[in-house]
Structures are given as structure tokens and as C-alpha cells.
Amino acid sequence: MKLQNHSLQLKGKSFLPIFAGGMGVNISTAELALVASDLGAIGHISDAMIQQVSDKLYQTNYSKLKQKKHRLSLLCEDKSQVKFDLEHLYNSQRVHVERTMNRKKGDGLIFLNIMERLTMGAPSDTLKTRLTAALDAGIDGVTLSAGLHLGTLGLIKEHPRFNDTLIGIIVSSVRALRAFLKSASRHSRLPDYIIVEGPLAGGHLGFGDDWEKFDLNTIVREVSNYLSEASLSIPIIAAGGIFSGEDALKSISFGASGVQIATRLTVTKESGLPEHVKQEYFKANKSDLVVNNLSPSGYLMRMLKSSPCLESNVRPACEAFGYMLSREGKCAYIDSFKAANPDWKSRNKVQDKMCLCHHFSKCTCYTCGENVYRLKDKAKQGSDGIYELPDARDVFMDYLS
Ligand SMILES: Cc1cc2nc3c(=O)[nH]c(=O)nc-3n(C[C@H](O)[C@H](O)[C@H](O)COP(=O)(O)O)c2cc1C
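Residues numbered from 1 in each chain as written. Predicted model: local features only at pLDDT ≥ 70, side-chain atom pairs only at ≥ 80, totals over all residues.

> Please give an account of the overall build of the protein chain that cites residues and values.
Across its full length, the protein chain holds 14 helices and 13 strands. Here the C-alpha atoms of the protein chain give a radius of gyration of 20 Å, agreeing with the 21 Å that 2.2 N^0.38 yields for 401 residues. For the protein chain, the C-alpha atoms occupy an extent of roughly 65 × 60 × 40 Å along the three principal directions. The buried share of the protein chain, taken over its 401 residues, is 49%. (Helix = DSSP H or I, 4+ residues; strand = E, 2+ residues; numbered from the N terminus. Rg over C-alpha atoms; globule rule 2.2 N^0.38 Å. Buried ≥ 20, exposed ≤ 12 C-beta atoms within 10 Å, placed from the backbone.)

> Go over the packing of helix 2 (residues 50–58) against helix 4 (residues 86–102), please, and point to the residues and values.
For the pair helix 2 and helix 4, the least separation of the axes is 9 Å and the interaxial angle reads 55 degrees. The angle between helix 2 and helix 4 falls in the class oblique. Between helix 2 and helix 4 lies a crossing of left-handed hand. Listed contacts from helix 4 to Ile50, Gln51, Val53, Ser54 and Tyr58 of helix 2 are His88, Leu89, Ser92, Gln93, Val95 and His96. Split into classes, the residues belonging to the contact of helix 2 with helix 4 amount to 5 nonpolar, 6 polar and no charged. (Axes fitted to C-alpha atoms, helices over the stretch in contact; angles between N-to-C directions. Parallel < 35°, antiparallel > 145°, perpendicular 65-115°, else oblique. Left-handed = near helix turned anticlockwise from the far one by under 90°. Contact = placed C-beta atoms within 7 Å. Nonpolar A, V, L, I, M, F, W, Y, C, P; charged D, E, K, R; others polar.)

> Help me get a handle on the site of the ligand, residues and values and all.
Contacts to the ligand come from 30 residues, most closely from Gly21, Ser145, Gly202, Gly203 and Gly369. Taken together, the elements giving at least two residues each to the shell around the ligand come down to strand 5 (109–115), strand 11 (258–261) and helix 10 (263–266). (Near = placed C-beta within 6 Å.)

> Could you give an account of the pairing of strand 5, naming the residues involved and the relevant values?
In terms of burial, strand 5 is largely enclosed, as 7 of its 7 residues are buried. Burial along strand 5 is two-sided: the residues Leu109, Phe111, Asn113 and Met115 and Ile110, Leu112 and Ile114 are all buried. Bridging between strand 4 (residues 42–46) and strand 5 involves 5 bridges; their strand directions are parallel. Residue isoleucine 45 lies in a different strand from strand 5, and its bridge partner there is leucine 112. Pairing analysis gives 5 bridges linking strand 5 to strand 6 (residues 141–145), with the strands arranged parallel. The partner of methionine 115 across the bridge, within strand 6, is serine 145. The parallel pair strand 5 and strand 6, bridged by helix 5 (residues 123–136), forms a crossover whose chirality is right-handed. (Pairing = 2+ DSSP bridges. Right-handed = clockwise from strand over helix to strand, strands pointing away.)

> Describe unusual backbone geometry, naming the residues involved and giving the relevant values.
The omega angle of the peptide bond from glycine 24 to valine 25 is 0 degrees, so this bond is cis rather than trans. Even without being a glycine, lysine 11 presents a positive backbone phi close to 50 degrees. Looking at where lysine 11 falls in the secondary structure, it is placed in the loop between strand 1 (8–10) and strand 2 (13–15). A positive phi angle, close to 50 degrees, is found at alanine 146, a residue other than glycine. With respect to the element layout, alanine 146 can be found in the loop between strand 6 and helix 6 (152–156).

> Before we move on, could you go through the sheet that holds strand 9 (residues 204–205) and cite the residues and values that matter?
Within the open sheet, the 3 strands sit side by side as 9-13-12. Their pairing is antiparallel. Bordering the open sheet on either side are strand 9 and strand 12 (289–292), each of which pairs with just one other strand. Two strands pair when backbone bridges link them, and strand 9 and strand 13 (residues 300–304) are joined in this way by 2 bridges, in the antiparallel orientation. Its bridge partner being in strand 13, histidine 204 is matched across the sheet by methionine 301.

> Let's hear about helix 1 (residues 30–39): which residues, and what values?
Most of helix 1 is tucked away: 8 of the 10 residues are buried. Buried within helix 1 we find Ala30, Leu32, Ala33, Leu34, Val35, Ala36, Ser37 and Leu39. Its buried side turned inward, helix 1 meets strand 3 (18–20), strand 4, helix 4, strand 5, helix 10 and helix 14 (392–400). Phi turns positive one or two residues past the end of helix 1, at glycine 40, with a value near 95 degrees.

> Mind laying out the packing of helix 1 against helix 14, listing which residues take part and the relevant values?
At a minimum axis separation of 9 Å, helix 1 and helix 14 run at an interaxial angle of 45 degrees. Taken together, helix 1 and helix 14 sit at an angle that is classed as oblique. Viewed along their axes, helix 1 and helix 14 form a crossing whose handedness is right-handed. Two secondary-structure elements touch here, helix 1 through Leu32, Val35, Ala36 and Leu39 and helix 14 through Ala392, Arg393 and Phe396. Residues that form the contact of helix 1 with helix 14 fall into these classes: 6 nonpolar, no polar and 1 charged.

As C-alpha cells, then:
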């Protein structure tokens, strides 16, 4: 049986069983999500660094305004006063989601990937603002990622679309799922889907240094068994290393109802990565990959060793950005930068962390899934050595047929 003969049921409706994964910062573009929804599948946009995305796409100037307001703190490590203007944040999110939803034509759905780890100097307020704006703007669903999200549902439970909007969570273990379900039961709002992300995924990983010991389909089976024992019927979406329709069918045989893919979409025409980075992904070999703890989020991340962020020495870019700041104005990169540059002026290389905001804004962190080195097997290479970019539609069809 082929993948196209399977259907995924969400809130009583049928969809093609493929999610295009959320990829910040605007790598999962509206264009990419729209291809998925046109086909009757699920596309994601991402709200990572949404003000910067809005400035780029819709000619706003939120980042500049924020930097101007907080310019005095540029000269020191104390970022406790650097805060987001919640009205700006709301507007940037609302416009991005609204404009994307207005272009939707197909029978599929468009979801928003929301990372809890983007604490933005005021974790609850900024998360609530981002969620509220997305729900107000008519998003079909929100996928809660990069965090346990134990308080997230409470932030939107009064919203009129709380029960209509699909809500999903990304987990990498039964333990994390159990904790989320406990918090969800307090709001009588179970998730509509559960994305189980294994250790071969791109972006941040929900595993420790022993990530190699874990296997996606084993976790899918554990989650499936756990849900059966709890008499819960919630679709499981398997993610991380699903490179083909056969891989997807294998995960389905372990208890998944669909799959989420990302790395294969990074090199499509519709992906937001710059052309030269797409070529880096095509050229990559297995030995070019590294999983490290450079991200100040505290999560491991997989990336190419050619990523310029491995040589990070920029001054923390919190005034314009500040997406990783804690409530107290702390970020692990600030500490590392200070250790390497005690005078705050020099530019010695920072060994153990990178400025996530700076490097994601410049696309200089080449994060990808473990299967990135196989992308070239699916692509045509010109006589000049340049790989041809596939249409996203063709990538989806390759999984389905
Ligand atoms: C370039 C890239 C960026 C990603 N960014 C995010 C993100 O911002 N938030 C998130 O929850 N997952 C992120 N992911 C994870 C994907 O959404 C997806 O679950 C995973 O990569 C699927 O595995 P695959 O890449 O092997 O197909 C990212 C993945 C890639 C490749």
C-alpha cells in the first residue's frame, strides 16, 4: 500500500498524511506551507523571530525601532531592560498569519510552529501575544514545540477559538507527553495530534548527548502503546529522518497516522534558505554533520560543520532581537561572549555558544536533519556542479507515490 492510500483524520476530516515541518527562521515559508495545503496535506509556517520576518517580508521596521529604544544597553551585558513591545509583536504575528491564510486555496491546513524556548524577555506575555495573534488571524492549528508547554494552554483557554483551532505538541518521549497531557487535562483540552520527533531531526533536538541510543519508531510505538492504555485516540505524526514514502509507511506500521518532513523540503524552490545554503545542503556528506550544544537554548542542535556560526564572535544582538532572553534578561551566549571578551569590545571567538538570533537572522547556522547527505541522490546536478532545486510539490509526490 502506498502512502497516498492512507488518510489522516483530524477533527473528523481526512487529509494526506504528511506535515511539512515548521522551520525557523522563515525557512518554512508561506509558499511552502501553501503547496502542502493545496495538495490536501498540512503545511507549517513558523513564528520564530517573527518581527524580523515581518520586517523582511512586509517592510515593517520593528527590529530597528526596538534597537533604537534599547540602544543604551548595547554597551553592557545587562539586558534586563530589553523587552518586546507587545503591540508590535501582536501586529507582526497577525499580519504574517493573516496574509498566509488569505492565500490558502486547497483542502489542506496551515499550522503555526510556536517554540516555547523563545522566551523573549517575558516568557508568558510574549507567548500569549503570539498565540492570541495567530488565533485571531485564523490559523488552522498551532504546533507547540521546543518546550514542555505545561502552562501554554492556560494562556489561551479564554480565546473564542480555543476549541476550534487544532492544537498539537511535539514530544520526543512518553515522559514529556505524560506531563503535557496532565496539564492539558486541567483545561479539558486534549491535543488533536502528537508529533513524535526522533533524534535524526533538524533544528533543536529533544534528546541529550546519548541521542544516538534512541530510535524514532521505537518511541512511536511506546507513545502509541501509552495512548492505547490510557484509552486515548490521538493521531501520532512521526518526524525525524523520514526520507521516503517507504520510511513513512514503516512509521505507520509502528503506530503513526502520518509523518512530518523537513530536510527534504529545505532545498526546494519554495524554501526560505538562500540559494548558496541550499547548495551546501546538497553537497554535504555524512561526515560534514555535527550535533553540538552551541545553541543557547540548552537543546542540542544538528548542523553542518561548514556553518559560519561555529566561528561566532558577534556582540550579543539582543537590542534588535532578544528572542532568547530570559525574564531576567539572561542568555547563555551573553555569558560566553563576556567570558571570551571581558572588555565587551574585543571580538575573540566564543567557543561554546553562538548568538542564535544573529546567526538565524543571517542564515549562517546550517541546521538540517541527519539525512541531509542523501539529498544529492534525489537531485539533478548541472555540468557546472550546481544542483537543480526541486519544486516542493514534486517532493510531496515522491513520498506519496
Ligand atoms: C532547517 C530546519 C529548521 C527547523 N526549525 C525548526 C523550528 O524552528 N521549530 C521546530 O519545532 N522544529 C524545527 N525543525 C524540525 C522540523 O520541523 C522537523 O520536525 C524535523 O526536521 C523532521 O525531520 P527531517 O528533517 O529528517 O525530515 C527544523 C528542521 C530543519 C531541517
